[in-house]
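# Reading the structure
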Amino acid sequence: MRWWPVLVALGCAGEKVTDVPEADADVDADADSDADADADVDDTVLLNFPADCNIVTAIGPGTGESNHLAGVALSPPAGGWPWRADRVKIALSNEAQDVLTCDASRAHTAFVWVLEPSETRPPNDRDADQELSFGTLETDDPVRLLTGALDPPIVLSEGQKLAVAVQFAGTYPDSSCLTACNRNYTELVDFWSNAAARPYDWSYLGDFGIESNLWIFAEGEPVP
């Protein structure tokens, strides 16, 4: 796969990426800031990156990896189950990097699974619980945010996680790319399919030396 550490403005096509994290051009990444952010947990959003992250990277397929998938596992905060997921959001990078065009205008497909407590990665050969389709959208913005409603909403029981993966569109090097946060890395929550179709062979992004968290998240709320 291809990986580029870059700084980009966090505006995007259709809606603002900052609808989830409120990006701050003057983010202070010191320990005190991070501790304050951690203390103020928003239980209506599941994400693996700091809510104020504005240091991002682009990740996309390399030679022989066209149409592979990349995804995340999302967990409610401790004690936050049951939790209802209403929608997922996926940020595509729309700025060419090195050899990849990172064309976010293409149609994309995302897959959603419920992971049991014993599962640490998306399944290699199991039907997705839901499949989401996103049409084409021409844009000059540096980021395109895909928003997919879960129908019906998915309720996570004790210990369950929500796995969300998107399939890169296009053929290398004319391929799409994902946006990821390049700050305060959380390990073992981001994955690469190593295949364009089932059966997959999921690996952690960290296995490739990539310490960035994909900008994929879910919105919903705890269930009383």
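Refer to the structure printed above.
Here's what I pulled together on the structure shown here. Source: prediction; values computed, not measured. (Residues numbered from 1 in each chain as written. Predicted model: local features only at pLDDT ≥ 70, side-chain atom pairs only at ≥ 80, totals over all residues. Heavy atoms only, no water.)

The helix and strand inventory of the protein chain stands at one helix and 17 strands. Every one of the 224 residues in the protein chain was classed for burial, and the buried ones make up 51%. Considering only contacts within the protein chain whose residues lie at least 6 apart along the sequence, 84% involve residues at least 24 apart. Taken as a whole, the protein chain presents about 9,800 Å² of accessible surface, with 46% of it coming from carbon and sulfur. (Helix = DSSP H or I, 4+ residues; strand = E, 2+ residues; numbered from the N terminus. Buried < 20%, exposed > 50% of the residue type's maximum accessible area, 1.4 Å probe, protein only. Contact = heavy atoms within 4.5 Å. Areas by Shrake-Rupley, 256 points an atom, 1.4 Å probe, with all protein chains shown as cover.)

Counted residue by residue, strand β13 (residues 177-181) has five buried out of five residues, so it is predominantly covered. Alternating residues of β13 divide into Cys 177, Thr 179 and Cys 181 and Leu 178 and Ala 180, and every residue in both groups is buried. Across two bridges, strand β6 (residues 83-93) lies against β13 in antiparallel orientation. Across the sheet, Ser 93 pairs through a bridge with Cys 177, a residue of β13. When β13 meets strand β16 (residues 213-214), the two strands line up antiparallel, connected through two bridges. (Pairing = 2+ DSSP bridges.)

The next thing to look at is the pairing of strand β7 (residues 108-115). Summarising burial for β7: seven of the eight residues are buried, a large majority. Across five bridges, β7 lies against strand β8 (residues 130-134) in antiparallel orientation. What sits directly across from Ala 110, in β8, is Leu 132. As paired elements, β7 and strand β10 (residues 161-167) share six bridges and run antiparallel to each other. Residue pairing across strands places Trp 113 opposite Ala 163, the latter belonging to β10.

Okay, the nonpolar core next. Of all hydrophobic cores here, the largest spans 32 residues; its most connected members are Ile 90, Leu 162, Val 164, Leu 178 and Leu 214. Breaking this core down by element, the ones donating at least two residues are β5 (69-74), β6, β7, β8, β9 (143-156), β10, β13 and β17 (216-222). Considering every element that reaches this core, the biggest residue donor is β6, with five residues. Apart from residues no more than four positions distant in its own chain, Leu 162 is found in contact with Val 72, Ala 73, Leu 74, Ala 85, Val 88, Val 112, Trp 113, Ile 154, Leu 156 and Ala 218. One finds Trp 113, Leu 115, Ala 165 and Phe 191 within the second-largest nonpolar core, a separate group that totals twelve residues. (Core = buried A, V, L, I, M, F, W, Y, C linked by side-chain atoms within 4.5 Å.)

Here we take up the side chain of His 68. Tracing the chain through its elements places His 68 in the loop between β4 (56-60) and β5. On the basis of relative accessible area, His 68 is assigned to the buried category, the value being 8%.

All right, on to the state of the cysteines then. Counted by the stated rule, this structure contains two disulfides. The partner cysteine of Cys 53 in its disulfide is Cys 181, sulfur to sulfur 2.1 Å. Where Cys 53 bonds to Cys 181 through sulfur, the torsion about that S-S bond is close to 100°, and the disulfide is right-handed. Of the two residues, Cys 53 is situated in the loop between β3 (45-46) and β4 and Cys 181 in strand β13; the sequence distance between them amounts to 128 residues. Owing to a relative accessible area of 0%, Cys 53 belongs among the buried residues under this scheme. (Disulfide = S-S within 2.5 Å.)

A few words now on the packing of aromatic side chains. Under the definition given, this model contains seven aromatic pairs. Members of the aromatic cluster, each reached through a chain of ring pairs, are Phe 111, Trp 113, Tyr 200 and Trp 202. Sitting over the ring of Tyr 204, Arg 121 keeps its end group 4.1 Å from the ring centre. (Phe/Tyr/Trp six-rings, centres within 6.5 Å; stacked < 30°, edge-to-face > 60°. Lys NZ or Arg CZ within 6 Å of the ring centre and 35° of its normal.)

To continue, consider the sheet that holds β8. Note on sheets: strands pair through backbone hydrogen bonds, and any given pair is parallel or antiparallel. The antiparallel open sheet is built from six strands, whose spatial order is β8-β7-β10-β5-β14-β15. With partners counted over all chains shown, the strands left at the sheet margins are β8 and β15 (203-204), one partner each. Pairing of strand β14 (residues 190-192) with β15, which is carried by two bridges, proceeds in the antiparallel orientation. Counterpart to Trp 192 in the pairing with β15 is Ser 203.

We now examine the side chain of Asp 190. Here Asp 190 is to be found in strand β14. Here Asp 190 sits buried without a salt bridge, and the closest side chain of opposite charge, Arg 121, lies 12 Å off (N-O distance). In terms of polar contacts, Asp 190 uses its side chain to reach the side chain of Asn 213, at 2.6 Å. Once residues lying within four places of it in the same chain are set aside, the contact partners of Asp 190 are Gly 71, Val 72, Ser 203, Tyr 204, Leu 205, Ser 212, Asn 213 and Leu 214. (Lys, Arg positive; Asp, Glu negative; His and termini not counted. Salt bridge = Lys/Arg side-chain N within 4 Å of Asp/Glu carboxyl O. Polar contact = N/O pair within 3.5 Å; in protein donor to acceptor, adjacent residues only side chain to side chain.)

Everything listed here is a matter of coordinates, which is why it stays silent on function.
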